[in-house]
Amino acid sequence: MKVSEVLHMNGGIGDSSYASNSLIQRKVIFMTKAIAEEAVSDVYCSMFPKTLCIADLGCSSGPNTLLVVTQTVKTVNKIRKKLCRQSSPEFQIYLNDLPGNDFNSIFRSLPRVQEELKEEIGSEFGPCFFNGVPGSFYSRLCPTSTLHFVHSSYSLMWLSQVPKGVEMNKENIYLASTSPPSVINAYYEQFQKDFSMFLKCRSEELVSGGRMVLTILGRKSEDPTSKECCYIWDLLAMALKQMVSEGLIEEEKLNSFGIPQYTPSPLELKAEVEKERSFAINRLEASEINWAACGNKLYSSDDSFKDDGYHVAKCMRSVAEPLLVRHFGESIMDKLFHKYGEILSDCMSKEETKFVNLTISMTKRE
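Residues numbered from 1 in each chain as written. Predicted model: local features only at pLDDT ≥ 70, side-chain atom pairs only at ≥ 80, totals over all residues. Heavy atoms only, no water.

### Quick look at the overall build of the chain
Right, on to step 1. Secondary structure assignment for the chain yields 11 helices and seven strands.
Right, on to step 2. In the chain, buried positions account for 56% of the 366 residues.
Right, on to step 3. Contacts in the chain between residues at least 24 apart in sequence constitute 85% of all its contacts with a sequence separation of at least 6.
Right, on to step 4. Summed over all atoms, the accessible surface of the chain reaches about 16000 Å², with 50% contributed by carbon and sulfur. (Helix = DSSP H or I, 4+ residues; strand = E, 2+ residues; numbered from the N terminus. Buried < 20%, exposed > 50% of the residue type's maximum accessible area, 1.4 Å probe, protein only. Contact = heavy atoms within 4.5 Å. Areas by Shrake-Rupley, 256 points an atom, 1.4 Å probe, with all protein chains shown as cover.)

### Description of unusual backbone geometry
Right, on to step 1. Non-glycine residue Cys84 carries a positive phi angle of around 60°.
Right, on to step 2. Take Cys84: it is sitting in the loop between helix H4 (67-82) and strand S2 (90-97).
Right, on to step 3. Classification of Cys84 by relative accessible area gives exposed; the value is 67%.

### With respect to helix H11 (residues 333-350)
Right, on to step 1. The first and last C-alpha atoms of H11 sit 26 Å apart over 18 residues, in line with the 26 Å expected at 1.5 Å per residue.
Right, on to step 2. All of the buried residues along H11 are Met333, Leu336, Phe337, Lys339, Tyr340, Gly341, Ile343, Leu344, Ser345, Cys347 and Met348. (Expected span 1.5 Å × (residues − 1).)

### A few points about the sheet that holds strand S3 (residues 128-134)
Two orientations exist for strands paired in a sheet by backbone hydrogen bonds: parallel and antiparallel.
Right, on to step 1. Pairing in this open sheet of seven strands is mixed, and the strands run S3-S2-S1-S4-S5-S7-S6 from one edge to the other. A single partner strand is all that each edge strand has here, and the edge strands are S3 and strand S6 (279-290). Neighbouring strand axes in the sheet, compared pairwise and without regard to direction, differ in orientation by 15° on average.
Right, on to step 2. Across the sheet, helix H3 (residues 33-47) is in contact with strand S4 (147-153), strand S5 (206-218), S6 and strand S7 (354-364); its angle to S5 comes to roughly 175°.
Right, on to step 3. The strands touched by helix H5 (residues 103-121) are S2 and S3; relative to S3, the strand with the most contacts, the crossing angle is about 170°. (Pairing = 2+ DSSP bridges. Axes fitted to C-alpha atoms, helices over the stretch in contact; angles between N-to-C directions.)

### Digging into the environment of Leu254
Right, on to step 1. Following the sequence through the fold, Leu254 ends up in helix H8 (residues 251-255).
Right, on to step 2. For the pair Leu254 and Lys241, spaced 13 residues apart in the sequence, the C-alpha separation amounts to 7.7 Å.

### Digging into the pairing of S4
Right, on to step 1. Most of S4 sits inside the fold, with seven of its seven residues counted as buried.
Right, on to step 2. Summarising the sheet, strand S1 (residues 51-57) and S4 pair through three bridges and their orientation is parallel. If you follow Ile54 over to S4, its bridge partner there is Phe149.
Right, on to step 3. Summarising the sheet, S4 and S5 pair through six bridges and their orientation is parallel.

### Describing the packing of helix H7 (residues 227-245) against H11
Right, on to step 1. Axis separation between H7 and H11 bottoms out at 9 Å; the angle between their running directions is 130°. As far as their axial angle goes, H11 and H7 are oblique. Once H7 is placed against H11, the crossing between them reads as right-handed. For the pair H7 and H11, the contacting residues are Tyr231, Ile232, Leu235, Leu236, Met238, Ala239, Leu240, Gln242 and Met243 in the first and Lys335, Leu336, Lys339, Tyr340, Ile343, Leu344 and Cys347 in the second.
Right, on to step 2. By residue class, the composition of the contact of H7 with H11 is 13 nonpolar, one polar and two charged. (Parallel < 35°, antiparallel > 145°, perpendicular 65-115°, else oblique. Left-handed = near helix turned anticlockwise from the far one by under 90°. Nonpolar A, V, L, I, M, F, W, Y, C, P; charged D, E, K, R; others polar.)

### Examining the packing of helix H6 (residues 181-205) against helix H9 (residues 266-276)
Right, on to step 1. Put simply, H6 and H9 touch, their axes get as near as 10 Å, and they point 50° apart. Considering their axes alone, H6 and H9 lie oblique with respect to each other. H9 is crossed by H6, and the crossing has right-handed handedness. For the pair formed by H6 and H9, the contact residues are Tyr188, Phe191, Gln192, Phe195, Ser196, Leu199, Lys200 and Ser203 on the first element and Glu268, Leu269, Glu272, Val273, Lys275 and Glu276 on the second.
Right, on to step 2. Here the residues of the contact of H6 with H9 sort into six nonpolar, three polar and five charged.

### Structural notes on the nonpolar core
In globular proteins that are soluble, nonpolar side chains generally tend to be buried together.
Right, on to step 1. Grouped together as the largest cluster of nonpolar side chains are 79 residues, with contacts concentrated most on Phe195, Phe198, Trp233 and Tyr340.
Right, on to step 2. Per-element tally for this core: the top contributor is H7, with 11 residues.
Right, on to step 3. Setting aside chain neighbours within four positions, we find Phe195 in contact with Tyr138, Leu156, Leu214, Ile216, Leu269, Glu272 and Val273.
Right, on to step 4. Counting residues in each nonpolar core, the second largest holds 27 residues, with Val40, Val69, Val113 and Val213 among its members. (Core = buried A, V, L, I, M, F, W, Y, C linked by side-chain atoms within 4.5 Å.)

### Here we look at the pattern of salt bridges
Right, on to step 1. Within this structure, the stated rule accounts for 22 salt bridges.
Right, on to step 2. For the salt bridge of Glu321 with Arg317, the shortest nitrogen-to-oxygen distance reads 3.1 Å. Taken together, the residues span about one helical turn, with Glu321 and Arg317 both in helix H10 (residues 304-328) at a distance of four residues.
Right, on to step 3. By relative accessible area, which is 11% here, Glu321 ends up buried.
Right, on to step 4. In this structure Arg317 comes out as buried when scored by relative accessible area, which is 14%.
Right, on to step 5. Each of Arg140, Lys200, Arg202, Glu204 and Glu205 takes part in a single network of salt bridges with overlapping partners. (Salt bridge = Lys/Arg side-chain N within 4 Å of Asp/Glu carboxyl O.)

Have a look at this one:
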């Protein structure tokens, strides 16, 4: 399975779409907003470019897609006014994701977004030029030495391919406490290869002194099979195993499926940046967010954990369904995610469940 051909969030605006189930990703963008603003301010004040080039990698589609770039434009405008600079820079904005992404939805929303920016900023608003860039961010995407600021949130944990040897990881769809050492090493080596290539490509595209802010699902522990990063997939594997026992999925199908993801620790992330040597690390921080943040619950009730499990299952479906459909077929999806929601509700009623986010801010070396 070529991940670049299959991996994309569910498009459209339906009940299982990413656009309707990406609240937690939005909350994480706001949690890390200050770090992005600091980086943008630094690069703008150190260069005052006539055209500020911005890339958002793994932009997906839906209400979060243009959130970071509009925040960036507003940040630059606020600084420009504070420094009494008369003319605004022009903005060249690159929106990247894999070819299966719902770019049409993004393009349809651009006129409204541009109009809102003009109304808020006024006549001094610098023109924005938007470009859709379909392709893997593990390859070159933009011309050499053109970008001033690169941003990516909740994308870089996805690998370019499923590591080899997943058939040895029986009854698991991701790393788990029962995963053989060879499988754990294969996942880590794939992450090293991919992230190193990502850094190399971005170092060629960023200007000297350009800034990059990345937020990645990760872990605090040095154990790659720790519960804090693997539990969400363990519970999905549990739902799949129930369907195997019911004869709805072949056991061989389950044993040959693997999630192309790796959630690194801060030390692993730091080691790759230092090994590649193109970037200086300004900040590297870990944060947490409850799984329940997937839902927009405004009240508490006896059934609140059931509601939370339902929202988390919908969120995970919007992200993982295309991968699952390719391997297991579409007919089982409703039943699978119903089971998954029940399992999630039960676990979330008994224990605290959180995602760990790693945010790293870097400067391109001279």
